Amino acid sequence: MQVVKYAFSQHGDERGQLIALEEYSDIPFEIKRVYYMYDTKPGVRRGYHAHKNLEQILVCVHGSCDVLLDNGTEKKIVSLEKPYEGLYVPNDMWREMYNFSEGAVLLVFASDIYKEEDYIRDYDEFLKFVKKGSEENHG
Ligand code: T46
């Protein structure tokens, strides 16, 4: 599994840093929604789902957290600890976010509005979904 992490351009000067993110260039899709999570309680693990048709970029703009990515055959753990790093999370990818540091803020850019029907929240259903997709693609 290829993990795609972006290193965003930092516009730094003696005053500090600034990052600007534009759709279709820094963010590789049209941004239809932005959300963020903060005040995450100690020991909490979030996510536990995949999306059928949603691309996202996750940026830990303050603090750090870990993200487990699972495509049904392989798992990878990615640490997000720099405000200039973005993790691309494509369709058909199970994700869990955990190890949030105190005060962590996880910002997410999404390619679509919120649609509950796009979520796969059951892991066995997810495995069936990705297996079906790969059979359709490979005949
Ligand atoms: C994802 C990971 C990285 C909304 O009403 N609108 C929204 O756009 C979102 C994202 C959530 N909600 C509501 C639905 C739930 O009642 O906020 C509540 C918490 O959402 P959820 O339990 O889905 O949060 P996470 O952290 O498990 O997952 C979220 C995103 O939902 C998901 O798409 O990829 O962050």
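Look up a bit, the structure's there.
This one's a predicted model, so the numbers in the text were calculated from it and none came from an experiment.

Basis of the calculations
Residues numbered from 1 in each chain as written. Predicted model: local features only at pLDDT ≥ 70, side-chain atom pairs only at ≥ 80, totals over all residues. Heavy atoms only, no water. Helix = DSSP H or I, 4+ residues; strand = E, 2+ residues; numbered from the N terminus. Rg over C-alpha atoms; globule rule 2.2 N^0.38 Å. Buried < 20%, exposed > 50% of the residue type's maximum accessible area, 1.4 Å probe, protein only. Areas by Shrake-Rupley, 256 points an atom, 1.4 Å probe, with all protein chains shown as cover. Lys, Arg positive; Asp, Glu negative; His and termini not counted. Charge placed at Lys NZ, Arg CZ, Asp CG, Glu CD. Expected span 1.5 Å × (residues − 1). Polar contact = N/O pair within 3.5 Å; in protein donor to acceptor, adjacent residues only side chain to side chain. Phe/Tyr/Trp six-rings, centres within 6.5 Å; stacked < 30°, edge-to-face > 60°. Lys NZ or Arg CZ within 6 Å of the ring centre and 35° of its normal. Disulfide = S-S within 2.5 Å. Contact = heavy atoms within 4.5 Å. Core = buried A, V, L, I, M, F, W, Y, C linked by side-chain atoms within 4.5 Å. Pairing = 2+ DSSP bridges. Near = heavy atom within 4 Å.

Caption draft 1: Just the overall build of the protein, in detail. Looking only at helices and strands, the protein features 1 helix and 10 strands. Start at the N end of the protein and walk to the C end: the helices and strands fall as β-β-β-β-β-β-β-β-β-β-α. Scaling as 2.2 N^0.38, a compact globule of 139 residues should have a C-alpha radius of gyration of about 14 Å, and the protein matches this with 16 Å. Overall size of the protein, expressed as C-alpha extent along the three principal axes, is 55 × 35 × 25 Å. A buried classification covers 35% of the 139 residues belonging to the protein. Total accessible area on the protein stands at roughly 8,500 Å², and carbon and sulfur atoms take up 48% of it. Computed over 17 positive and 25 negative side-chain charges, the inter-centroid distance for the protein is 4 Å.

Caption draft 2: Helix α1 (residues 123-138), seen in detail. Taking 1.5 Å per residue as the helical rise, α1 with its 16 residues ought to reach 22 Å, and the 23 Å between its terminal C-alpha atoms agrees with that figure. Near the N-terminus of α1, the side chain that reaches the backbone nitrogen of Asp-124, with its oxygen 3.2 Å away, is that of Asp-122.

Caption draft 3: Summary view of the packing of aromatic side chains. A full pass over the atoms with the stated rule returns 6 aromatic pairs. The interplanar angle of 35° and the centroid separation of 6.1 Å between the aromatic rings of Tyr-36 and Tyr-38 together place this pair among those described as tilted. A relative accessible area of 53% means that Tyr-36 is categorised as exposed. These aromatic residues form a ring-pair network of at least three members: Trp-94, Tyr-123 and Phe-126. Geometry around Tyr-98 places Arg-45 over its ring, the cationic atom sitting 3.9 Å from the centre.

Caption draft 4: Here's a closer look at the state of the cysteines. Tallied over the full model, the rule gives 0 disulfides. With no disulfide partner, Cys-60 has as its closest neighbouring cysteine sulfur the one in Cys-65, 4.2 Å distant.

Caption draft 5: Layout of the side chain of Gln-56. Note that Gln-56 resides in strand β4 (residues 56-62). Apart from residues no more than four positions distant in its own chain, Gln-56 is found in contact with Phe-29, Arg-33, Tyr-35, His-51, Leu-87, Tyr-88, Val-89, Arg-95, Val-108, Phe-109 and Ala-110.

Caption draft 6: Molecular detail of the nonpolar core. One finds Leu-58, Val-67, Leu-69, Leu-80, Leu-87, Phe-100 and Leu-106 to be the most contacted residues of the largest nonpolar core, which totals 16 residues. Of all the secondary structure elements, the ones that give two or more residues to this core are β4, β5 (65-70), β6 (75-80), β7 (85-89) and β9 (105-110). Top element by residues in this core is β5. It accounts for 3 residues. In this structure, Leu-69 is in contact with Met-1, Val-3, Glu-74, Lys-75, Lys-76, Val-78, Leu-87, Val-89, Met-93, Trp-94 and Arg-95, ignoring residues within four places of it in sequence. Listed in part, the 8 residues of the second largest apolar core include Phe-8, Phe-29, Leu-107 and Phe-109.

Caption draft 7: Fine view of the pairing of strand β8 (residues 94-98). By the criterion of burial, β8 is predominantly enclosed, with 5 of the 5 residues buried. On β8, burial covers both faces: Trp-94, Glu-96 and Tyr-98 on one face and Arg-95 and Met-97 on the other are all buried. Judged from the 3 bridges that link them, strand β3 (residues 46-51) and β8 form a sheet pairing that is antiparallel. Across the sheet, His-49 pairs through a bridge with Arg-95, a residue of β8.

Caption draft 8: Layout of the site of the ligand. With respect to spatial proximity, 13 residues lie near the ligand, and among them Arg-33, His-51, Gln-56, Arg-95 and Tyr-119 are the closest. Between the ligand and the protein, one listed contact pairs an oxygen atom with a side-chain N or O atom of Arg-46 at 2.7 Å. Within the side chain of His-49, a nitrogen or oxygen atom sits 3.4 Å from an oxygen atom of the ligand. Elements with a contribution of two residues or more to the shell around the ligand: β2 (33-37), β3 and β8. The greatest single-element share of the shell around the ligand, amounting to 4 residues, is contributed by β3.

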